[in-house]
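Chains, contacts and geometry: an overview
Chain by chain, the residues run as shown.
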Amino acid sequence: MPQKLTEGSISRSLIRFSLPFLVSNFIQILYGLVDLYIIGRYCNSAVITAVSVGSQVMHLVTVVITSLLMGTTVMISHGIGANDSQKIKKNIGNSTTFFTIFSVALCIIMLLFNNTLLKLLSVPEESFKEAKIYLVICFLGIPFITMCNLLSAILRGLGDSKTPMYFVAIACVINIVLDFLFIGILKLSAMGAALGTVIAQSISVFLGLLIIRRKKLNLNLSKSDFFLEPFTLKKNFSVGIPIAFQDGIVQISFIIITKIANGRGIEMAAAVGIVEKIISIMFLIPSSMLSSISTFCAQNAGANLHKRAKKALALGILITSISGIIISLLTQISPESLIAIFTNESKVQQFGGQYLRSYVTDCIFAGIHFCFSGYFAAYQKSLLCFIHNIASVVLARIPISEIATILYPQNLFPMGMAAPLGSILSDVICIVFFIIFFRKISKTDKIILQNE
């Protein structure tokens, strides 16, 4: 049965709902880290760089898919809050049809442009072949990645954040076992990492479908719900497309930064790749809070409980800020030791420590605009998310990385400052948007959602 987030204690409801998100995100990152750990133990820097670059490309693909699906989650949550079963069914059916077609098309496009993409990223010659093999296999798995995220988006929109956690847990266990088999025993290098990921995702989808069949959701979907309806898709995409552009551009900025690092030598490229993986686990709480707040606030927006939604936003910002300060301070003690988990090469450890020491401070500031993004998405104002992220990327992240590379060619610490400075800019813009566009909500606690 759908879970109502419009009643009871805000802190208890938000934290309880966000914990499965946190665990799911941790597990997803875990098997990415396991890939890197095993690659680092059995392979050289060239393979580490290949898997790091390939992982970033696949992370971009996954982020775009999950961002588009945010529209599905938000609109289903609006339906739950407004007790509109027809709206819920139409969104589930239309999303299933559209994303099935979309995933196959995306798979074909990415395969066609694989070589071009790797050349644009300036992948070192030593890593090119391994990166190409890795991406071909991962691109073939895009339909499975999409279906797994679609099932999760639907269930989260219905207020169920636990079942998607089980999907991810299943995939993680399978992936770890296959990594040791393919990379450690069979010595398949990057190919083994890709095979483990794709096989794990595909098994997770089939097991996920079996789990859902056993759940009694009482949705009574009909064939007509699966016919594409322009109005339903438009409402979904009004939320999903701006978020997809926003998150896509942020990930592209990370890839551009990786490209910059690739031009600085194989050790620096490997160091940046490892740090990006470590940072992803440090961003678990902000990422989980973004998804939780979008669903929580969407249900309350649908029920016209706007004061409750704003309190959830404030609580989310408090939680992410405190956790960010703690993580940043702890990491300063010995960032090199974290890099050493993934590689024995001293140069990579040195450069990685420099980069992580400055980059990790982003944990303090990023959570603020993550929470605002979830709140804006819940109110179908995703364009605001797009604007603040574009400004951050264009005015801070990329130019600061370029300048730091020129001025400090043998030190990655200055380049790591690009991320926190970009987040500070995003935070300022989000606060201004909140004051300007939501002042009426603060005063009257009333809003009429467009075309509802």
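Thresholds applied
Residues numbered from 1 in each chain as written. Predicted model: local features only at pLDDT ≥ 70, side-chain atom pairs only at ≥ 80, totals over all residues. Heavy atoms only, no water. Helix = DSSP H or I, 4+ residues; strand = E, 2+ residues; numbered from the N terminus. Phe/Tyr/Trp six-rings, centres within 6.5 Å; stacked < 30°, edge-to-face > 60°. Expected span 1.5 Å × (residues − 1). Bend = angle between axes of the 7 residues up to and from the residue. Buried < 20%, exposed > 50% of the residue type's maximum accessible area, 1.4 Å probe, protein only. Axes fitted to C-alpha atoms, helices over the stretch in contact; angles between N-to-C directions. Parallel < 35°, antiparallel > 145°, perpendicular 65-115°, else oblique. Left-handed = near helix turned anticlockwise from the far one by under 90°. Contact = heavy atoms within 4.5 Å. Nonpolar A, V, L, I, M, F, W, Y, C, P; charged D, E, K, R; others polar. Patch = residues over 30% accessible without salt bridge, like charges linked within 9 Å, V, L, I, M, F, W, Y side chains within 5 Å. Areas by Shrake-Rupley, 256 points an atom, 1.4 Å probe, with all protein chains shown as cover. Salt bridge = Lys/Arg side-chain N within 4 Å of Asp/Glu carboxyl O.

**Observations concerning unusual backbone geometry**
In this model, Lys187 sits at a positive phi of 60 degrees, which is unusual for a non-glycine residue. Mapped onto the elements, Lys187 comes out in the loop between α7 (163–185) and α8 (189–214). For Ser189, which is not a glycine, the phi torsion comes out positive at approximately 55 degrees. In this fold, Ser189 is placed in helix α8.

**Topic: the packing of aromatic side chains**
Applying the stated rule across the entire model yields 12 aromatic pairs. With a centroid separation of 6.4 Å and an interplanar angle of 65 degrees, the aromatic rings of Phe144 and Phe206 are classed as edge-to-face. In this pair, Phe144 sits in helix α6 (residues 142–157) while Phe206 sits in helix α8, placing the two residues 62 residues apart along the sequence. Among the aromatic residues, those joined into a ring-pair cluster are Phe372, Tyr375, Phe376, Tyr379 and Phe434.

**A few points about helix α2 (residues 45–81)**
Relative to the 54 Å expected for 37 residues at 1.5 Å per residue, α2 spans 51 Å between its end C-alpha atoms, a close match to the ideal helical length. In α2, a bend of some 25 degrees at Leu69 exceeds every other bend along the element. The buried fraction of α2 is high, at 34 of 37 residues. Trailing α2 by a residue or two, Asn83 shows a phi angle of about 55 degrees, which is positive.

**As for the packing of α2 against α6**
One way to put it is that α2 packs onto α6 with a least axis distance of 8 Å and a crossing angle of 25 degrees. Taken as axis vectors, α2 and α6 run roughly parallel relative to one another. Here the hand of the crossing between α2 and α6 comes out right-handed. Residue-level contacts link Met58, Val61, Thr62, Ile65, Thr66, Leu69, Thr72, Thr73, Ile76, Ser77 and Ile80 of α2 to Ile142, Ile145, Thr146, Asn149, Leu150, Ala153, Ile154, Arg156 and Gly157 of α6. Residues that form the contact of α2 with α6 fall into these classes: 11 nonpolar, 8 polar and 1 charged.

**Considering a nonpolar patch on the surface**
Taken together, the side chains of Leu421, Ile424, Val428, Ile431, Val432, Ile435 and Ile436 present a nonpolar region at the surface, about 560 Å² in accessible area. Secondary-structure assignment places Ile431 in helix α18 (residues 418–437).

**What to know about the environment of Ser253**
Considering the arrangement of structural elements, one finds Ser253 in helix α9 (residues 230–262). Among the residues examined, Ser253 registers a relative accessible area of 0% and is labelled buried. C-alpha separation for the pair Ser253 and Ser401, spaced 148 residues apart in sequence, amounts to 9.9 Å. Those residues within four positions of Ser253 in sequence are excluded, and the remaining contacts are Val393, Arg397 and Ile398.

From the geometry alone we can't say anything about function, so treat these as descriptive.
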